[in-house]
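Each chain, letter by letter, is given below.
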Amino acid sequence: MTTAIGWQAAEGRAYGGPGRYIQRAGEIERLADHLRDLGSRPFLLVDRIVDERHGAAIRASLAEAGLDARIELFGGECSTEEIERVTALVAETGADVVAGIGGGKTADTAKVAAVRQGARIAVVPTIASTDAPCSAIAVRYNDEGVMQEAISLPRNPDIVIVDSALIAKAPVRFLVAGMGDALSTFFEARSNLESRSPNFIRPYLPAPQAGIAIARACHEVLMRDGLAAKVAAERGLLTPAVEAIIEANTLLSGLGFENCGVSGAHGIHDGLTVLPATRRFFHGEKVAFGTLCLLMLEGRPLAEIDETLRFCRQVGLPTTLADLDLADAGPEEIGRVAQAALKPGAIINRVATPLSPDIVRDAILALDAYASRTAPAA
Ligand SMILES: [Zn+2]
């Protein structure tokens with residue numbers, strides 16, 4: 001293996017993604033049609049709540065397709081213990097395709113078990129709150145729910161199946177959080193282009209033009225359809241705007257972040273997690289605030305910060321420290337956030353501007369001050 005980077009890094013590029021992506025209302029009832037294309041012995045890892053609500057439809061679809069599937073309830077945490085348990089069951093049943101149906105932890109456990117057993121991977125997200133479903137990354141937690149590591153798998157899912165009717169009926173906060181995660185995608189892609197940072201597909205290789213175009217499209221769809229989608233999904237309605245936002249949150253943001261990398265928005269998210277008050281907020285909510293801070297950190301034009309603030313306010317994403325239950329956090333607490341965000345090897349180091357704990361702290365506090373000053377009167 002060559003370790004030379006030099007000009008090869010500048011000239012190279014790498015692209016990856018799921019084999020197929022299907023999004024349609026009612027698709028969970030057609031699940032077996034997709035699984036049949038991948039194998040003959042499916043293993044389904046399903047969230048308990050999904051099984052209660054849709055188990056009958058899933059079983060009917062499997063029976064109609066003549067598939068003899070094993071259905072197993074997910075234990076609730078993508079931990080070493082659960083990964084071992086599911087991997088052993090997949091081996092025992094000789095499954096050739098593993099489907100993770102439910103939230104992100106279910107999908108990640110299914111991805112790891114499938115790769116370990118050499119089976120194909122199907123992911124069926126039932127909420128659109130992050131951009132993880134399409135990726136080859138799985139996040140492992142301990143039994144207490146504390147993150148341990150991000151595992152880079154050698155393969156992306158073979159198929160991602162999204163039932164948009166089901167997602168439109170989920171609590172709207174999930175869809176909004178997904179917009180927060182997707183909001184970071186273009187801005188972090190731009191950071192990584194400027195710093196010539198690699199993506200998540202191959203070490204040393206940066207984003208391909210395809211990845212950058214997708215990240216840009218993700219941003220355009222959010223600005224165009226975000227508010228309309230939020231208002232419709234609040235009432236459980238499925239409209240073209242909701243379909244477009246589900247795709248932006250899941251496919252565009254998924255391909256965008258994996259092919260272009262992440263940077264300061266996720267770095268500040270990671271730093272914020274040291275403050276216990278932020279634990280009740282979703283990943284995408286903290287990432288949205290991190291995105292605003294990234295723009296301040298990079299010294300972007302105020303017009304861009306204003307547009308991003310307006311979007312966050314419209315859809316209900318946090319724009320100030322008070323929105324994250326951190327109204328009382330001063331320079332000392334935010335200094336700790338900055339310290340944590342800058343720990344060695346942290347993702348924020350991809351930002352192409354000088355960084356220090358003081359610089360990051362001041363960017364967060366300045367963004368908070370600006371957002372608070374410009375907030376429309378309630
Ligand atoms: Zn994210």
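The present account deals with the structure reproduced in this document.

Parameters and conventions
Residues numbered from 1 in each chain as written. Predicted model: local features only at pLDDT ≥ 70, side-chain atom pairs only at ≥ 80, totals over all residues. Heavy atoms only, no water. Pairing = 2+ DSSP bridges. Helix = DSSP H or I, 4+ residues; strand = E, 2+ residues; numbered from the N terminus. Axes fitted to C-alpha atoms, helices over the stretch in contact; angles between N-to-C directions. Contact = heavy atoms within 4.5 Å. Buried < 20%, exposed > 50% of the residue type's maximum accessible area, 1.4 Å probe, protein only. Donors = N, O, S within 2.8 Å, 3.2 Å for Na, K, Ca; no water. Expected span 1.5 Å × (residues − 1). Bend = angle between axes of the 7 residues up to and from the residue.

Examining the sheet that holds strand β3 (residues 70-73)
If you trace the six strands from one edge of the open sheet to the other, you get β1-β8-β5-β4-β2-β3, paired in parallel fashion. Where the open sheet ends on each side, the last strands, each with one partner, are β1 (20-23) and β3. Sheet twist, expressed as the mean angle between neighbouring strand axes with direction ignored, is 15°. Here strand β5 (residues 120-125) pairs with strand β8 (residues 159-162) via two bridges, running parallel. The residue of β8 that forms the bridge with Ala-122 is Ile-159. Those strands touched by helix α5 (residues 104-117) are β2 (42-46), β4 (97-102) and β5, and its axis lies near 170° from that of β4. Lying on the sheet, helix α9 (residues 240-260) is in contact with β1 and β8; it crosses β1 at an angle near 150°.

Describing the pairing of β4
Of all six residues in β4, six are buried; the element is thus mostly enclosed. The pairing of β2 with β4 spans five bridges and is parallel. Paired with Leu-45 across the two strands is Gly-100, which belongs to β4. With six bridges joining them, β4 and β5 adopt parallel strand pairing.

Notes on the coordination of the zinc ion
Only Asp-181 (OD), His-266 (NE2) and His-283 (NE2) from the protein reach the zinc ion as donors, at distances of 2.1 to 2.2 Å. Summarised as a motif, the one-chain spacing of the donors to the zinc ion is D-x84-H-x16-H. Remark: His-283 occurs in helix α11 (residues 283-297) and His-266 occurs in helix α10 (residues 264-272); sequence separation between them is 17 residues. Overall, His-283 belongs to the partly exposed group, its relative accessible area being 28%.

Some remarks on helix α8 (residues 209-234)
Spanning 26 residues, α8 covers 35 Å between terminal C-alpha atoms, matching the ideal 38 Å at 1.5 Å per step. Of all bends in α8, the biggest is about 55°, found at Asp-225. After α8 finishes, the residue Gly-236 shows a positive phi value of roughly 70°.

Observations concerning unusual backbone geometry
Positive phi, normally seen in glycine, also occurs at Arg-196, with a value near 55°. Tracing the chain through its elements places Arg-196 in the loop between α7 (172-194) and α8. A positive phi angle is found at Asp-325, which is not glycine, with a value near 60°. With respect to the helices and strands, Asp-325 occurs in the loop between α12 (302-315) and α13 (331-341). Exposure remark for Asp-325: the relative accessible area of 40% places this residue in the partly exposed category.

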